[in-house]
Amino acid sequence: MHVLKNILILLWRIWFYILMGLPIVIMFPVLLVFSSREIWYPQFFVVARFWAKIVLYGSGFLPRVTKEAKPDRSKSYMIVANHTSMTDIMLMLYCVKNPFVFVGKKELAKIPIFGFFYKRTCILVDRNSQRSRKEVFDRAQARLNNGTSICIFPEGGVPDDESIILDIFKDGAFRLAVDHQIPILPLVFLDNKKRFSYTFFSGTPGIMRAHVLKEISTKGLTQENKKELKEKTWDTIFKILKKDLEK
């Protein structure tokens with residue numbers, strides 16, 4: 001029975017990766033055009049959201065989004081969330097309609113097909129390079145100046161220890177938010193680790209719950225307030241995760 005279960009999970013996961021790549025191949029000309037200039041990024045973002053829905057629903061995931069407040073389409077945000085799964089990317093695109101750019105690790109650019117457009121449209125960071133981190137801030141500032149929101153998973157990656165509810169946040173997202181006086185928009189993903197973790201022979205289709213929380217203002221804050229802002233955001237997300245685990 002255990003062997004059969006692993007075979008089914010293997011086939012399901014292969015199907016997930018096919019779904020990641022196949023729509024991109026089909027829409028390749030459109031994506032290529034829309035990713036060629038920053039001015040066309042909002043159009044690329046619409047297609048990316050459509051792709052995310054294909055992957056989520058096609059893999060048997062059923063998003064359920066609760067919104068404490070509706071993000072203002074005319075504002076830029078620093079969007080943050082807990083990070084436990086590759087599906088966090090798709091669920092983030094599903095939840096947020098405001099065009100945003102991911103800041104993510106450069107390793108994802110190696111994924112066939114997906115990585116090609118990831119590299120063209122996202123801000124890649126080499127966490128082992130001080131120079132790379134400086135370039136990230138320069139590129140993120142340019143996007144924010146153009147009115148595009150930024151999405152950063154502030155844990156800096158998925159914790160190796162899956163028992164960790166929420167890892168320590170890094171400073172980058174909060175430094176940028178304070179510099180540009182843009183609000184933090186926190187999201188909480190409650191089921192992604194259970195549905196599709198990085199442990200290969202694990203996971204199941206099913207409901208994926210997400211909470212879009214009220215924005216956290218940075219108006220009037222300086223870099224001296226960065227630590228307090230980071231801790232407030234961490235506490236806000238952690239409380240919801242912990243409460244859900246205690247049910």
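Quick caveat: nothing in here was measured; it's all calculated off a predicted structure.

**A closer look at unusual backbone geometry**
- Its identity as a non-glycine residue notwithstanding, Ile113 has a phi of 70 degrees, on the positive side.
- Checked against the element boundaries, Ile113 lands in the loop between strand 3 (100-105) and helix 5 (114-121).
- Taking the relative accessible area as the measure of exposure, Ile113 reaches 38% and is therefore partly exposed.
- Look at Gln181: it is not a glycine, yet its phi comes out positive at around 55 degrees.
- With respect to the helices and strands, the residue Gln181 is situated in the loop between helix 7 (172-180) and strand 6 (184-189).
- We classify Gln181 as partly exposed; its relative accessible area is 36%.

**Description of the nonpolar core**
- By size, the foremost hydrophobic cluster in this structure holds 74 residues, and its most contacted members are Trp51, Met78, Met92 and Leu187.
- Discounting residues that sit within four places of it in the chain, Met78 has contacts with Ile150, Ile152, Ala173, Leu176, Ala177, Ile182, Pro183, Ile184 and Leu185.

**Some remarks on the pairing of strand 7 (residues 206-212)**
- Judged from the seven bridges that link them, strand 1 (residues 61-67) and strand 7 form a sheet pairing that is parallel. Bridging across to strand 7, Leu62 finds its partner in Ile207.
- When strand 6 meets strand 7, the two strands line up antiparallel, connected through three bridges. Residue pairing for strand 7: Phe189 is matched across the bridge by Ala210.

**Description of the layout of surface pockets**
- Its volume calculated, the second largest pocket comes out at about 270 Å³.
- Elements with a minimum of two residues in the lining of the second largest pocket: helix 8 (192-196) and helix 9 (226-245).
- A class-by-class count of the residues in the lining of the second largest pocket yields six nonpolar, four polar and five charged.

**As for empty space enclosed by the protein**
- Applying the stated criterion to the full structure yields three cavities of 30 Å³ or more.
- Here the largest cavity is characterised by a volume of approximately 250 Å³.
- Among the elements of the structure, helix 3 (41-58), helix 4 (87-95), strand 3 and helix 5 are those that each provide at least two residues to the lining of the largest cavity.
- Among the elements that take part in the lining of the largest cavity, helix 3 stands out by supplying six residues, more than any other.
- As for the second largest cavity, its lining consists of 14 residues, and the residues nearest its centre are His83, Gly104, Lys105, Leu108 and Phe153.
- Among the elements that make up the lining of the second largest cavity, the one with the highest residue count is strand 3 (four residues).
- Considering only residue class, the lining of the second largest cavity consists of eight nonpolar, four polar and two charged.

Basis of the calculations
Residues numbered from 1 in each chain as written. Predicted model: local features only at pLDDT ≥ 70, side-chain atom pairs only at ≥ 80, totals over all residues. Heavy atoms only, no water. Helix = DSSP H or I, 4+ residues; strand = E, 2+ residues; numbered from the N terminus. Buried < 20%, exposed > 50% of the residue type's maximum accessible area, 1.4 Å probe, protein only. Core = buried A, V, L, I, M, F, W, Y, C linked by side-chain atoms within 4.5 Å. Contact = heavy atoms within 4.5 Å. Pairing = 2+ DSSP bridges. 1 Å grid on protein atoms, 1.4 Å probe; cavity = no way out; pocket = protein on both sides within 12 Å on 5 of 7 lines; lining within 4 Å. Points joined across faces, edges and corners; volume = space filled by probe spheres on them. Nonpolar A, V, L, I, M, F, W, Y, C, P; charged D, E, K, R; others polar.

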